[in-house]
Structures are given as structure tokens and as C-alpha cells.
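Summary of structural features
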Number of protein chains: 2
Amino acid sequence: MEQKLPGIEVCLSPDLLYQHDLQNKTVVVVDVLRATSTMCSALFHGVKNIIPVAGIDECLTYRGKENHILAAERDAKTPEGFDYSNSPLLYHNPEVFGKTLVLSTTNGTKILSMVKGDASQVVIGAFVNIDAIAAYLKERNQSILIACAAWKGRVNMEDSLFAGGLAHRLKEHFNLLDDSARMMADLYKNINKDLYIYNTKANHFNRLKALGASADFEYCFIENAAPVVPVLHGIYLVKV
Amino acid sequence: MEQKLPGIEVCLSPDLLYQHDLQNKTVVVVDVLRATSTMCSALFHGVKNIIPVAGIDECLTYRGKENHILAAERDAKTPEGFDYSNSPLLYHNPEVFGKTLVLSTTNGTKILSMVKGDASQVVIGAFVNIDAIAAYLKERNQSILIACAAWKGRVNMEDSLFAGGLAHRLKEHFNLLDDSARMMADLYKNINKDLYIYNTKANHFNRLKALGASADFEYCFIENAAPVVPVLHGIYLVKV
């Protein structure tokens, strides 16, 4: 009976992605601080769709296109020439309604571009949509890889814990196939509801605090603040 | 004051080693199942010194040399032509007393060969010597990298938890510098004394069980069963 359940694997860093076969899997891309939280927030607050792009230059090719807004982030900062950034709270804003968001970030869009060719489907996860994603994946009933964006390849707390939170929610319906999934599910469970407080220990907390993004940081740990299921269709992220 | 403490970094997989600068650091190499547990057991039970070698062929060049015993492991099994293997319990044996052990394993000696050129010192850690290593590192007071052997690059439970157990013991005297160190210290603390039971969830448990190595598995989670401090001097691992 157990063998028939679909599986869950967790990849803690893009540098470890080569260890996983993405064929016939739903890949959940996560970059809690802040790319995937921003994607969920934008779609929840009325952005029509999102074009995630890896490079700043590619992002700029959309400049001036009607109903497109451009956003980018490098090293947690907004590069020159962009009006929007990788801040989820910036999209609590009626001006974004119905627009297409073109977004490039340090880590989040990089991992997205690494997985999109091979995966059966790519979905976007963050704490702000964790229950919605869990329900969607349970219904879909296909094996999952949770792919953490990490920070320039370095394993980070926030993405690892999201992977754990999702694995914890799904473990009755899926087999946890690797030790990363098991360890992170347990760590998430032990932390219980203190995600925000716990993550103030993370290296990225101090980076964002120094940049005045403490409110963003707090928002990104509010579970179900933006309960959407963003899925990649062609070049677009859209709500299911 | 806090800034003056030496640091602890944790590297969960050899694939992530490039992210760490080894200069002026003590590197703790860990491969709980079973290379570093075997090294500790062998030295504790009277082996004079150990020559860790990466390749099987290199190991075989020592064949017939007086007072040398040869041991190897690949994919958790003993290759043909070796009398000893990567089993820590095998060294509870008076025949090994005073001998030089030449040892090659799948993951443990690989990570050792990756770090030995750059580190200030290389020491060997496992649950069986965890308090001895912690006391040694505290006295030494130099920044530390805990380098997990993992399983063919894949993050594993047992090495990650050892890293957490060591970081947990040292966190009053060192700064935890990365999220891996913080998460694993907390996970170790939460598991408390149930290391053996907890690790029966690990992927490697079933591999070893299938090979009849369940007693080895149990031994490797007995904290302080072999309280030695193995240090690399030239080509030899010796007790401090």
C-alpha cells in the first residue's frame, strides 16, 4: 500500500538539483525571501500574470510594453531603472491590478529557469500560500520535488523550513523519499507556529533588516496571507 | 564581544564544499555511517594509526606490508580481496592492536581528501567521539567547518545531525555562522536522546539493514562509545 503513494523529495540548494530526476514530477519552487512570496502576493492582489525572467537585461526588453510592469532585485536591492522590486508588500496596490509583472530576482527566478524544461508542472510555493499549495498537490497526486532557491547556492533556513512545512502537511498522502524531507518536516513541526521569531536567526534576516525590509520579512512568514496557486504555463505564471 | 568568538559553519554535502573557505579553519570530517565511526572505533581499540585513501587501487598498494591491515567499502559492501571492512564493530578485536589500518570508503575518505590540502587541521568526528571532539575544539578555539560526507552528494540525516550535535555543544563558545548549523543544532536538540530511533527513518538504515549491518548501525549512534580525537598528520590519522 505504502509503495503506491507518490513521493516527496526535497532539494535544499540549486547546486544539488542534478541529483533529482524531474521527469513526471510536479516541482514546487520556493524562495520565501522574497521571490515566491512576492509572486503569490502579486497574483493574489490582482496582477494578471507574471513573466519570471533570469536576467536583468531580459527584464528590460519588456520596458514600455503596455500593461507590463517591470521589477527586479539583485543582492536584495532594486537595480537602477526599475519601478517595482522584489517586495511582496509593494503589490498591495491597486495600480498593479490586471497588469503583467516581469520579474527577475537573484535566486528565485534562477531556480525556476533550471527546472522548467524537465518538470511535468512547475508551481510556486511560499508560506503565504502553503495550505493552498498543499491542497492542490494532494489533489494532483503526482510525485513532488520541492526545489529551494537558497542564497547563491547556500542552504537557507526559510526555504528549507517551507519544504518541511509542505512535507509535514502532505506526509499522510505521500512518501517522504529523502532525509532532507524528513528532517525539515520534523524541524518545522518542532517550531510550530513561531516561524517569524525562529527565522530572525536566519542570515537573510540581517540582510533585509539592513535594507529596511523588516515588514516584508514579517509578511513572508504569515501562513496563507496570499492563498493562490501559481502555476507556470509557457512563459507565464498564472493562478490555477 | 560576540564578534570575537570563532565561528562554526556546516557543509551538508561535498557538492557544497566550494562555498567554504577552509584556510585557518579546523575541518571536522563526518561520515557517521560508517567511515568516521569506524576510524574512531579502530583507534580507540588499539589501531596505531590509519591511512585513509580515496581509491581501492591505492589501498591495495599496501598489500603485504608488515603490520598493515587493509579495509575498504563501496556502496556499503566490502569489495573482493579485503579482509577488513567499514564496520566499526570489526575493530573490537585484539588482532588489530598496534597495526596500521589502510582504509578506503565510498564517501568518508573522499571528503577527507577534498579538505586536507587547505584546512589548518583535519579532525574526525562521529557520535562515538562527539564529546571528546567538542572538548578538543573548544580548547583549540579556532573557527570550524563541519564537513558532512553525505551519500554520493545527497544530504543525509546522520551526518547532518552529528553536525547539529556538535554545533549545539559548542554554541556558547562559537558563533553559528550559517543556517545549516542553526537548523541542525535545533533539530538535534529536539531529538534529544533518541538518536538511534530517529535515524531508523534515514535512507541509509535500510541499506545497512539489508546488508546485515544493523548492529553497526546501532553502535554508530552511541554517543561517546569511542572517545578519541583522531587528527590528520601527513598521511596518517592518529590519536591526539
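The coordinates are above.
The geometry of an aromatic ring pair is captured by the separation of the ring centres together with the interplanar angle, meaning the angle of the planes. As enumerated under the stated definition, the model contains 12 aromatic pairs over all chains in all. Note on Phe127(B) and Phe221(B): the rings are 5.6 Å apart at their centroids and 40 degrees apart in plane angle, and the pair reads as tilted. Taken together, the positions of Phe127(B) in the loop between strand S6 (121–125) and helix H4 (130–140) and Phe221(B) in the loop between helix H9 (214–219) and strand S9 (230–233) put the pair 94 residues apart, joining distant regions of the chain. We classify Phe127(B) as buried; its relative accessible area is 0%. Counting every residue linked through ring pairs, the aromatic cluster contains Phe127(A), Phe162(A), Tyr196(A), Phe205(A), Phe217(A) and Phe221(A).

A word on the relation of the copies chain B and chain A. Between chain B and chain A, which share one sequence, the superposing operator has a rotation angle of 180 degrees and an axial displacement of 0.0 Å; the RMSD is 0.0 Å. Both copies are brought into coincidence by an operation consistent with a two-fold rotation axis. Distance from the rotation axis, computed per C-alpha, reaches its smallest value in chain B at Leu187(B): 2.9 Å. Comparing contact sets, 100% of the residues at the interface of chain B also lie at the interface in chain A, consistent with an isologous, same-surface contact.

The next point concerns the interface of chain B and chain A. Of the residues lining the interface, 28 residues belong to chain B; the matching set on chain A comes to 28 residues. Area buried by chain B at its contact with chain A is led by Gln19(B), Asp179(B) and Met183(B), which between them contribute 25% of it. Linking chain B with chain A are 2 salt bridges. A salt bridge links Lys201(A) to Asp186(B); its shortest N-O distance comes to 2.6 Å. Seen at the junction of chain B and chain A, the total is 22 residue pairs in polar contact (both at pLDDT 80 or more). Mapped onto the side of chain B that touches chain A, the elements with two or more residues apiece are helix H5 (157–170) and helix H6 (179–191) of chain B. The dominant element in the side of chain B that touches chain A, judged by the number of residues it contributes, is H6(B), at 8 residues. Looking at the side of chain B that touches chain A, its residues break down into 11 nonpolar, 8 polar and 9 charged.

The next subject is the pattern of salt bridges. A side chain of one charge can pair with a side chain of the opposite charge if their charged atoms are brought near each other. All names here are of chain A. Summed over all chains, the structure comprises 12 salt bridges over all chains. The salt bridge partner of Asp 216 is Arg 34, with a shortest N-O separation of 2.8 Å. Here Asp 216 is found in helix H9 (residues 214–219), whereas its partner Arg 34 is found in the loop between strand S2 (26–30) and helix H1 (35–44), with 182 residues between them in sequence. Each of Asp 131, Arg 169 and Glu 223 takes part in one network of salt bridges that share partners.

The rules behind these values
- In this numbering scheme, every chain counts its residues from 1 along its sequence in written order.
- Key to labels: chains lettered from A, ligands numbered from 1, both in the order written.
- Where totals are concerned, whole chains, interfaces and linings use all residues; where local detail is concerned, this predicted model gives features only for residues with pLDDT of at least 70, and gives and counts side-chain atom pairs only at 80 or more.
- Values reported for side chains reflect all heavy atoms of the structure, with hydrogen atoms and water molecules removed beforehand.
- Pairing of aromatic side chains requires ring centres within 6.5 Å, counting the rings of Phe and Tyr and the six-membered ring of Trp. Pairs whose planes differ by under 30 degrees are stacked, by over 60 edge-to-face, and all others tilted.
- Helix and strand definitions here come from DSSP, where helices need a minimum of 4 consecutive H or I residues and strands a minimum of 2 consecutive E residues; each element is numbered from the N-terminal end.
- Burial here depends on accessible area, computed with a 1.4 Å probe over protein chains only, as a share of the maximum for the residue type. Under 20% is buried, over 50% is exposed, and the range in between is partly exposed.
- When the copies are superposed, the least-squares fit takes in the C-alpha atoms of residues with a pLDDT of at least 70 in both.
- When checking whether two residues touch, look at their non-hydrogen atoms; a contact exists if any pair is within 4.5 Å.
- Values labelled buried area give the accessible surface lost by two parts on being combined, using a 1.4 Å probe and summing over both.
- Definition used for salt bridges: Asp or Glu carboxyl oxygen within 4 Å of a side-chain nitrogen of Lys or Arg.
- Identification of polar contacts relies on pairs of N or O atoms within 3.5 Å, with a donor-acceptor requirement for protein atoms, meaning one able to donate a hydrogen and the other able to accept it, and with residues adjacent in sequence counted only if both atoms are side-chain atoms.
- As a working rule, the residues Ala, Val, Leu, Ile, Met, Phe, Trp, Tyr, Cys and Pro are called nonpolar, Asp, Glu, Lys and Arg charged, and the rest polar, with Gly in that last group.

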